[in-house]
Each structure stands twice: as C-alpha cells, then as structure tokens.
Amino acid sequence: MGKKIRKALAAAALAGAAAYGGACEVLFRMALTRDSLTLPGPLARFTGKGSGERENDYSRGKKLGVAWCEAQPMKDVWITADDGVRLHAKFFPAGAGDGAGKEGPKRAVLCAHGYRVSGFWDFGGQTRWLHRIGCDVLLIDERGTNSSGGDYITYGALEKKDIARWAVWLDHHEGGNLPIYLFGVSLGGASVEMASELPMPSSVKGVIADCGYSSVRDIFADQASRVLHLPPYPLLWIEELNCRLRAGFSFADADAAAALHRNRKLPVLFIHGTADTFVLPENGERNYIACSAPKRIVWVQGAAHAASYLTDKELYEREGEKFFKEVEDGTFC
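Residues numbered from 1 in each chain as written. Predicted model: local features only at pLDDT ≥ 70, side-chain atom pairs only at ≥ 80, totals over all residues. Heavy atoms only, no water.

K.L.:
Is there a simple way to think about the overall build of the protein in this case?
P.N.:
Per the secondary structure count, the protein includes 12 helices and eight strands. The long-range fraction of contacts in the protein, counting pairs at least 24 apart against all pairs at least 6 apart in sequence, stands at 75%. Just so you have it, the protein exposes about 14300 Å², and 55% of that area is on carbon and sulfur atoms. (Helix = DSSP H or I, 4+ residues; strand = E, 2+ residues; numbered from the N terminus. Contact = heavy atoms within 4.5 Å. Areas by Shrake-Rupley, 256 points an atom, 1.4 Å probe, with all protein chains shown as cover.)

K.L.:
Is there a simple way to explain the environment of E70 in this structure?
P.N.:
When you line up the elements, E70 lands in helix 3 (residues 59-70). Between the C-alpha atoms of E70 and F120, which are 50 residues apart in sequence, the distance is 7.9 Å.

K.L.:
Mind showing me how you'd approach the packing of aromatic side chains here?
P.N.:
Two aromatic rings are characterised by how far apart their centres lie and by the angle between their planes. This model, assessed by the stated rule, comprises 19 aromatic pairs. Look at F323 and F324: their rings are 6.4 Å apart centre to centre, the planes differ by 50°, and that puts the pair in the tilted class. The exposure class assigned to F323 is buried, which follows from its relative accessible area of 0%. You can call F324 buried: its relative accessible area is 1%. Taken together, the aromatic side chains of F123, W129, Y181, F183, Y309, Y316, F323, F324 and F332 make up a single cluster linked through ring pairs. Directly above the ring of Y288 sits K295, whose terminal nitrogen or CZ lies 4.8 Å from the centroid. (Phe/Tyr/Trp six-rings, centres within 6.5 Å; stacked < 30°, edge-to-face > 60°. Buried < 20%, exposed > 50% of the residue type's maximum accessible area, 1.4 Å probe, protein only. Lys NZ or Arg CZ within 6 Å of the ring centre and 35° of its normal.)

K.L.:
Got a minute to help me understand the environment of V66 in this structure?
P.N.:
Within the fold, V66 resides in helix 3. In this structure, the C-alpha to C-alpha distance between V66 and S118, residues 52 residues apart in sequence, is 9.1 Å. Not counting the four nearest positions on each side in its chain, V66 is found in contact with F120, W121 and G124.

Below, the structure written as structure tokens:
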C-alpha cells in the first residue's frame, strides 16, 4: 500500500471518528440537557419532539386536562434534592377546586410526568379523576424540566431519589395519616418503578407505573436502532461515559427492571398501551416479569404512548380504583 493511500485512509478514519464523536455530542445534548437542541426529522423524534404523538387525536384531550388544572387552586411547593437541586411541585388538596367533596382526603398521590412535558400535560385527566375520588394530588416537576432545577435529565437515576424525598415531604404534610401512592407516566413511570426499592415512609403503599421503560440502556438502544438507524454500540458506550463524567450517573443507576426485582414489598399496578411505538409494550412486560412484589398488569388496547387514560378512561379508572381499594384492604393479589 502506497504512502499516499495510507495517509488518505488515516485521514478518512480520523474524519469518520470526529464525525461520530460530534454526533454523540449532539445526541447527548439533545437527550439529557435542560436546553435541548431542536432538530428536525428522526433526530427530533429521539427527544420526543416531532414524533407525531404530541399532535395527534389525543392532543385535544391533553389540552383540556391542562386547562382544567390551570383553573384549580394549586399550591407551589419547593424542596431540595440530595444533591442540592431545587425541586418544584404543585399540591392540589382534595378539598379545594372544582367538584371538591365535603369529606377529607382518602389518600395522597404523587404524580411524576414524562420526558420534557409537565404534570398538567401527562396528568390533566388523571388529576381530575383523582380529585373526584378524594385524593390529595402532588404534581412534581422532574429535575431538568419546567420549574425544577438541574442541568440534566437522568432517566430515573436521580429522579428516583427526588421522588423518595417528595414522598417524605408528602408524608409530613399529611401527618402520616394517609396512604401514599407513587404514580408515573413514561419517564415518570420508570422513575417511580426505580424508586420502589428505596427506603420511604411506611405510609407509601403502592406504585402505579404507566408506560415506563425497562432501563435507560434499553430505551437508548431501541431508539438508536429503530429511530436513528444506528448500531447501539459503540454509541451507548460513549453516551454512558458522557453520563458518568458530565451528568453524574451511570446506566446501571437507571434500571427499572432491576429495581423492581429488588422491590419485594410495594404493590405495583403496571399500565401500558398496546400501540405504544415509543416505549414498546415489551418494556411493560419485562418490568412486570421482573417485579418481585405483588403486581398486576393492565393492557390498554390501541393506546399510543402516554395515551392510555384518554384511550380508555373507564378501564383506567376502574383498575386504578380497584388497586387503591385492594391495597388498602390488604387484598391485592
């Protein structure tokens, strides 16, 4: 091989490595940073933007839920995370707002929203339902999103610890007198699944996980291959190194299936739409199988990602209320 050919190949290899490294940097900033890049096409879909699932038939229902929540007298609440990040939530007592009953609250529900959205967006309809059945509702802002601090979204690695701290706040606020449930959608669903193994007040009685992924490694690998049409490796190795060095967590810290396997106490109600093309239904099945605690899974036929409630409200509410009753009666599973 001639000297010129070797130089050309070396230059091409360096250029390719630089391009790949640049792509990894773009993906890291898109997927994890608070100020995400906004890019068109499949790269935008990787962030959950431009996927078509935010501007489909469910958007009207989502927007109605947001409008209802915005009209309610909710209280701003702040706490500090283990790493010093300032966290925000909205607290909605059962005795306030539209349709408030005369009786006191029956339980309290901590709601954790999905990736780059808000509690009002993911839980607008559910909040109205929970309020109707006598629940105090805490709608948290995940770190790196909305009014909460934090430079990075960590896919449950640090969010799970934030949720455990919110559970302590909620327990203190309720005087330890109400059963508390952790309720999450998408990233929030995975985060409450991960939190299920952590020490929390004894008043925390159960978990509802709607379309949570099985691990950050699984969701990144799936999106890399299906959406970006890239081989998962070495991409995932580079992204995990970035996460360790810059965002302060490893992929092993964000593994819902592993956490559920270690959870032998908190009952879990899994919910997943059969038409979810973002967090595939296999994730729900994988988490259900992994869970060591009492469990039940509800499949919502034809529901897209984070759209199970709007697809079949009757089923969703019936199974949710059944879960609350059986857990509180000691008859779940």
